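# Coordinate analysis (summary)
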Amino acid sequence: MRNSLLKRRARKLFLGCLAPFVILASWEYLGRRGIINLSILPRPSVIMDCLAEMIANGQLKKHLLVSAFRVVKGFLIGGGVGLVLGVLCGLSNTWNDVLSSLIGILRPIPMIAWIPILILLLGIDEGSKIALIAIGTFWPVLLNTSRGIRNTDKKLLEVGIILEKSRSQMLTKVILPAAFPFIFTGIRLGVSSAWSCVVTAEVIAAAVGIGYVIMYARELLQPDVLLIGVLTIGVVGLLLDVVLLQIEKRALRWNEADER
Amino acid sequence: MGMNKSVDILGVSKIFSLDSGDLPVLGKSDFHIESGEFVSIVGRSGCGKSTLLRIISGLEIATTGEVQIGGRRVERPSVLTGLIFQEPRLFPWLTVEKNIEFGLHRKIEKTQRREVVEQHIALVGLSGFEEAFPRQLSGGMQQRVSIARTLINQPNVLLLDEPFGALDALTRIHMQNEILQIWEAEGSTMILVTHDVDEAIFLSDRIIVLSDRPGEIKKVISVDTSRPRDRSGPRFMEIRREIYTEFFEDSSLSIEYYV
Ligand SMILES: Nc1ncnc2c1ncn2[C@@H]1O[C@H](COP(=O)(O)OP(=O)(O)O)[C@@H](O)[C@H]1O
Ligand SMILES: [Mg+2]
């Protein structure tokens with residue numbers, strides 16, 4: 001049993017690595033043969049050298065840390081406000097009605113369209129970037145939280161009522177745990193949205209950060225640095241999602257069918 | 001002990017207002033249940049049995065009339081009136097232990113709390129399953145957790161809404177015996193809704209037969225044999241026939257349909 005599981009995992013890993021490997025190998029080959037213009041698209045081995053250098057001289061770490069810090073701040077603000085408003089909208093029809101028209105108008109606005117407004121309102125420094133990340137986090141957290149709360153099983157609510165639970169006990173012991181899978185989905189989407197927002201904000205206007213690395217490399221015609229920037233964004237996004245999925249799996253242990 | 005656990009149903013009726021108009025579910029009913037009595041309610045699906053139990057528990061408000069428990073009008077749900085639903089309704093994110101502890105209403109200190117919970121886990125025969133999640137339990141075990149969660153407040157009145165409906169025949173008989181034991185130990189007033197006529201006869205002092213919707217009390221049958229009852233004894237058979245006649249007197253069709 002265990003053995004076949006391991007085999008299946010290994011197979012999956014092998015197949016997952018196959019496509020990137022083939023692409024990289026043929027890319028390297030075509031580059032060495034001079035078929036690809038190296039000043040536009042350097043060979044993978046050159047990019048690896050450049051990556052090693054950026055890690056060694058601390059450039060990559062510096063920019064990543066700045067971006068990560070912005071993400072954390074924006075996420076905490078947007079996620080926090082989204083969670084509170086989501087709970088209010090989920091619990092109260094009045095709040096839901098009050099906010100629904102506002103949500104309807106603001107939600108379809110693409111992140112990129114917020115940037116000029118935010119720069120105008122908050123200046124070109126940190127404020128506007130963090131606000132953009134906060135907005136990007138806010139929507140998925142708000143919508144999923146309120147949906148999760150509205151979705152609470154009426155039958156479980158009745159159990160709480162029969163057992164004379166207070167309003168706050170109902171919220172913390174019944175409603176929020178019941179909505180937790182939804183809330184967590186909101187948080188996961190919020191994190192990935194925050195990560196893409198920080199790049200958007202930095203590409204438009206920044207003097208440091210992973211998005212800035214990309215823009216700056218483009219201006220200096222350094223395609224290797226540019227590619228490293230882009231790939232870093234992808235890898236970090238992937239890692240964030242993997243970690244969050246693991247946390248979710250732990251937290252929702254009870255939700256897993258028959259482990260015995 | 002000596003506490004009045006009688007239940008009075010006084011002129012209770014229920015009409016649900018739907019978009020499509022009014023739906024009378026319960027006709028005016030009056031009934032007195034003695035303190036410590038075991039009463040079953042039988043009737044066809046949809047005749048308002050659950051609604052009646054919900055009104056007695058305070059979860060639903062009667063359109064007319066009122067329910068009194070121990071001579072006092074029921075205004076809202078109370079942990080002293082336990083309601084056990086047809087489905088176990090456990091919190092899937094809590095272990096057996098935590099689910100039962102959730103029921104505990106009175107504020108007591110932690111060690112005593114654990115003790116009371118442990119005691120009730122043992123009462124329903126689930127020792128060793130403290131840390132299990134509901135998903136890992138069979139339907140019968142889940143229903144026992146639900147019963148323990150209700151019993152932990154030592155309710156004066158226990159309302160059971162087809163609690164064993166979803167269980168297989170053998171588990172059901174086992175649970176019926178356990179309920180009898182609990183009833184004898186706790187001395188609470190029991191009101192059991194069931195569609196299983198044998199279950200009603202096996203357990204109850206009296207059986208209320210409700211008419212089709214809107215449900216009204218059509219007949220009350222006293223089960224005058226001593227417990228434990230022989231499910232195939234002559235008196236048992238006689239009462240069973242009496243109840244079946246009640247159900248099928250108005251339509252000869254249903255006999256073929258049900259038997
Ligand atoms: N909250 C409600 N709103 C409207 N109709 C309801 C409601 N609860 C029950 N009913 C209706 O009342 C009738 C009786 O329901 P119920 O008491 O559950 O019957 P029983 O338990 O005897 O099967 C059914 O027709 C049901 O659809
Ligand atoms: Mg019912």
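So, here's what we can say about the structure.

Each value, and the rule that gives it
Residues numbered from 1 in each chain as written. Chains lettered and ligands numbered in written order. Predicted model: local features only at pLDDT ≥ 70, side-chain atom pairs only at ≥ 80, totals over all residues. Heavy atoms only, no water. Helix = DSSP H or I, 4+ residues; strand = E, 2+ residues; numbered from the N terminus. Buried < 20%, exposed > 50% of the residue type's maximum accessible area, 1.4 Å probe, protein only. Contact = heavy atoms within 4.5 Å. Salt bridge = Lys/Arg side-chain N within 4 Å of Asp/Glu carboxyl O. Axes fitted to C-alpha atoms, helices over the stretch in contact; angles between N-to-C directions. Parallel < 35°, antiparallel > 145°, perpendicular 65-115°, else oblique. Left-handed = near helix turned anticlockwise from the far one by under 90°. Nonpolar A, V, L, I, M, F, W, Y, C, P; charged D, E, K, R; others polar. Pairing = 2+ DSSP bridges.

## With respect to the environment of Arg-172 of chain B
Residue and element names in this part refer to chain B. Secondary-structure assignment places Arg-172 in helix H5 (residues 169–186). For Arg-172, a relative accessible area of 18% corresponds to the buried category. A C-alpha to C-alpha distance of 8.0 Å links Arg-172 and Gly-140, two positions 32 residues apart in sequence. If we ignore the near neighbours within four places in the chain, the residues touching Arg-172 are Phe-164, Gly-165, Leu-167, Asp-196 and Glu-199.

## Considering the pattern of salt bridges
With the rule as written, the count across this model stands at 24 salt bridges over all chains. In this structure, Glu-60 of chain B and Arg-54 of chain B form a salt bridge, with 3.1 Å as the shortest nitrogen-oxygen distance. Across this residue pair, the class does not change: Glu-60 of chain B and Arg-54 of chain B are buried. Residues participating in the shared-partner salt-bridge network are Lys-155 and Glu-158 of chain A together with Arg-54, Glu-60, Glu-87 and Arg-89 of chain B.

## Some words on the packing of helix H2 (residues 96–103) of chain B against helix H3 (residues 110–123) of chain B
In helix packing, the relevant descriptors are the interaxial angle and the interaxial distance, both defined with respect to the helix axes. Residue and element names in this part refer to chain B. Close contact between H2 and H3 brings their axes to 10 Å; oriented N to C, the two are set at 110°. As far as their axial angle goes, H3 and H2 are roughly perpendicular. As for how H2 packs across H3, the hand of that crossing is right-handed. Along the contact surface, H2 presents Glu-97, Ile-100 and Glu-101, while H3 presents Arg-113, Arg-114, Val-117, Glu-118, His-120 and Ile-121. Here the residues of the contact of H2 with H3 sort into three nonpolar, one polar and five charged.

## Some words on the sheet that holds strand E10 (residues 217–222) of chain B
All names here are of chain B. Across the sheet, which stays open at both edges, the six strands sit in the order E6-E7-E8-E3-E9-E10 with mixed pairing between neighbours. This sheet does not close on itself; its edge strands, each paired only once, are strand E6 (81–84) and E10. Neighbouring strand axes in the sheet, compared pairwise and without regard to direction, differ in orientation by 15° on average. Summarising the sheet, strand E9 (residues 206–210) and E10 pair through five bridges and their orientation is antiparallel. In the strand pairing of E10, Ile-207 is matched with Ile-221.

## Brief notes about the packing of helix H5 (residues 111–122) of chain A against helix H8 (residues 167–204) of chain A
Residues and elements named next belong to chain A. Relative orientation of the contacting elements H5 and H8 amounts to 50°, with a least axis distance of 10 Å. Judged by the angle between their axes, H5 and H8 are oblique. Of the two elements, H5 crosses H8, and the hand of that crossing is right-handed. Of H8, the residues touching H5 (which contributes Met-111, Ile-112 and Ile-115) are Cys-197, Thr-200, Ala-201 and Ile-204.

## So, the sheet that holds strand E1 (residues 7–18) of chain B
Residues and elements named next belong to chain B. Judged by pairing direction, the sheet is antiparallel, and its four strands sit side by side in the order E2-E1-E4-E5 without closing on themselves. In this open sheet, the two strands that pair with only one neighbour each are strand E2 (21–33) and strand E5 (72–73). Here nine bridges tie E1 to E2, and the two strands are oriented antiparallel to one another. Bridge pairing links Asp-8 to His-32 in E2. Those strands touched by helix H1 (residues 49–57) are E1, E2 and strand E4 (64–69), and its axis lies near 120° from that of E1.

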